[in-house]
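One-letter residues, chain by chain:
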Amino acid sequence: MEVCVAGGVVGSQAPRPTSKGRGFPSVLPGHVHPRRPHANRNRTEGWKTECSLPVVPVPVEASVRLVHGWFRDVLRNTCAHEWNRRNTTSPGLRSASQAEAQGAMDLRVVQMEPKHYVQMERLQKICYPTLGEWELMNRDHFQRHHETFPEGQHVAVDLRTGDVVGMSSGLFVHFDLDRPQHTFQDITDQLTFAGHDPLGEYYYGADISVHPEYRRKGLGSKLYNARKNVAVQCNKRGVIAGGLLPGYVRCKGQMDVRTYVDKVIQGELADPTLTFQLCNGFQVRGLLSQYLADSASDNWATLLYWENPGYEPSKAGRTKTAAHPAG
């Protein structure tokens, strides 16, 4: 492997001296070999016959300069080629790491706008293939959400194409953590967010999703951070959500859902959604039965909670507009 570092090539072997046409000659023409007089004779004679010029002995210092110049040219050409390869404008020749870094820079989380509704409806169908159709939000729902609570709705956009590749929606609610049982349809008022209360103590995360082709690029964390930012800016106690368990479908015949969740929390198993939520600072506060129609998790969901460390009870109840998300 070769790595170009400050104009040099590290990790590769320099060409070995040879007289077979690769690298540089073991004895330069006209230079006397100290240990092979017969080779010296043949070489100089051949050189004289081929060139028909008198042989002029080359001083050692000149030989060193010639070799040094050869190395300098090889290194210069090699590094120039490597620089061109890594900085070419052709996407096909760009290294995978550079393309991935550039792609991450072209993704941004912003507040939802009316122009996003249609793409958001399409994204719901792509991200939730195991949900009942009545559990999916459509453009009419998104319009209601935007009219009711625009600061709480976010989308992730690919700036190169303008496509919506992720989304997050939610509302402010009053919630009793000691009596947590509820359904998705009830808490969202049949997906309309009609029960949004600006004085509610919690931000309830109704939906968060990322297009499969854009996962593992940091978008999920950015969307969760946008939610947390709303809770912090508006001085809410924290963020509550019902989390799906897409990985449970692989373990249904081996264990019940409670055992599955416990093993994920302990790190013995990994769930595509719950493991990621735990890594983003959420805690599992319980299980919700018949939360929504999902064949993968047998209608179960986790009750997730993120506590706002900056919550000030003395300022609770004061409404404040959340700042726009960064990134």
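Computed from a predicted structure; not experimentally measured.

Novice: Please provide a residue-by-residue account of the side chain of D207, values included.
Specialist: Residue position: D207 is located in strand β6 (residues 202–210). Summary of buried charges: D207 has no salt-bridge partner, and the nearest side chain of opposite charge, R227, is 6.2 Å away. Here Q124 takes part through its side chain, which lies 3.1 Å from a polar atom of the side chain of D207. Engagement of the side chain of D207 in a polar contact is seen with the side chain of Y128, the distance being 2.5 Å. Beyond its immediate chain neighbours, meaning those up to four positions away, D207 contacts Q124, Y128, M137, M167, S168, S169 and R227.

Novice: Can you tell me about the pairing of β6, naming the residues and giving the values?
Specialist: With nine of nine residues buried, β6 is to be regarded as a mostly interior element. Relative to β6, strand β5 (residues 163–173) runs antiparallel, the two sharing eight bridges. Of the residues in β6, the one forming a bridge with G170 is G205. Where β6 lies against strand β7 (residues 238–243), four bridges are found, and the strand directions are parallel. Of the residues in β7, the one forming a bridge with Y204 is I240.

Novice: How would you explain the confidence of the model for the chain if you had to name every residue and give the values?
Specialist: For the chain, per-residue confidence averages 80 on the pLDDT scale, and residues scoring 70 or more make up 65% of the total. Across residues 1–30, where pLDDT falls below 50, the model places 47 contacts with residues more than four positions away in sequence or in other chains. A low-confidence stretch, residues 86–97 stays under pLDDT 50, and its non-local contacts, those more than four residues away or across chains, total eight contacts.

Novice: So, the environment of D158: which residues are in play, and what are the values?
Specialist: Mapped onto the fold, D158 is located in strand β4 (residues 154–158). For the pair D158 and V109, spaced 49 residues apart in sequence, the C-alpha to C-alpha distance is 9.2 Å. In this structure, D158 is in contact with D106, L107, D163, V165 and Y214, ignoring residues within four places of it in sequence.

Novice: Which residues make up the packing of aromatic side chains, and what values do they have?
Specialist: Following the criterion strictly, the structure yields eight aromatic pairs and no others. Where Y202 meets Y305, the ring centres are 6.0 Å apart and the plane angle is 70°; that geometry is what we call edge-to-face. Within this pair, whereas Y202 is found in strand β6, its partner Y305 is found in strand β9 (residues 301–307), the two being separated by 103 residues in sequence. Judged by its relative accessible area of 7%, Y202 is buried. Taken together, the aromatic side chains of F149, F172 and Y203 make up a single cluster linked through ring pairs. Sitting over the ring of F172, K236 keeps its end group 4.5 Å from the ring centre.

Novice: Could you give me a rundown of the sheet that holds β7, with the residues and numbers involved?
Specialist: What the seven strands build is an open sheet, ordered β3-β4-β5-β6-β7-β9-β8; its pairing is mixed. Each edge of the open sheet carries a strand with a single partner, namely β3 (107–111) and β8 (283–288). Strand-to-strand, the axes of this sheet are offset by a mean angle of 25°, without reference to chain direction. Of the strand pairs in this sheet, β7 and β9 are connected by six bridges, and their pairing is antiparallel. Across the sheet, residue I240 finds its bridge partner in β9, namely Y305. In the packing of helix α8 (residues 257–265) onto the sheet, the strands contacted are β8 and β9, and the crossing angle to β8 comes to about 170°.

Novice: Account for the side chain of N280, naming residues and giving values.
Specialist: Residue placement: N280 occurs in the loop between α9 (274–279) and β8. Not counting the four nearest positions on each side in its chain, N280 is found in contact with S221, Y224, K228 and W306.

Novice: Give me the pattern of salt bridges: which residues, what numbers.
Specialist: Here the structure, examined in full by the defined rule, presents seven salt bridges. Between R237 and E201 there is a salt bridge whose closest N-O contact spans 3.0 Å. Taken together, the positions of R237 in the loop between α7 (219–233) and β7 and E201 in the loop between α6 (184–187) and β6 put the pair 36 residues apart, joining distant regions of the chain. We classify R237 as partly exposed; its relative accessible area is 31%.

Reading the values: the criteria
Residues numbered from 1 in each chain as written. Predicted model: local features only at pLDDT ≥ 70, side-chain atom pairs only at ≥ 80, totals over all residues. Heavy atoms only, no water. Helix = DSSP H or I, 4+ residues; strand = E, 2+ residues; numbered from the N terminus. Buried < 20%, exposed > 50% of the residue type's maximum accessible area, 1.4 Å probe, protein only. Lys, Arg positive; Asp, Glu negative; His and termini not counted. Salt bridge = Lys/Arg side-chain N within 4 Å of Asp/Glu carboxyl O. Polar contact = N/O pair within 3.5 Å; in protein donor to acceptor, adjacent residues only side chain to side chain. Contact = heavy atoms within 4.5 Å. Pairing = 2+ DSSP bridges. pLDDT = per-residue confidence, 0-100. Phe/Tyr/Trp six-rings, centres within 6.5 Å; stacked < 30°, edge-to-face > 60°. Lys NZ or Arg CZ within 6 Å of the ring centre and 35° of its normal. Axes fitted to C-alpha atoms, helices over the stretch in contact; angles between N-to-C directions.

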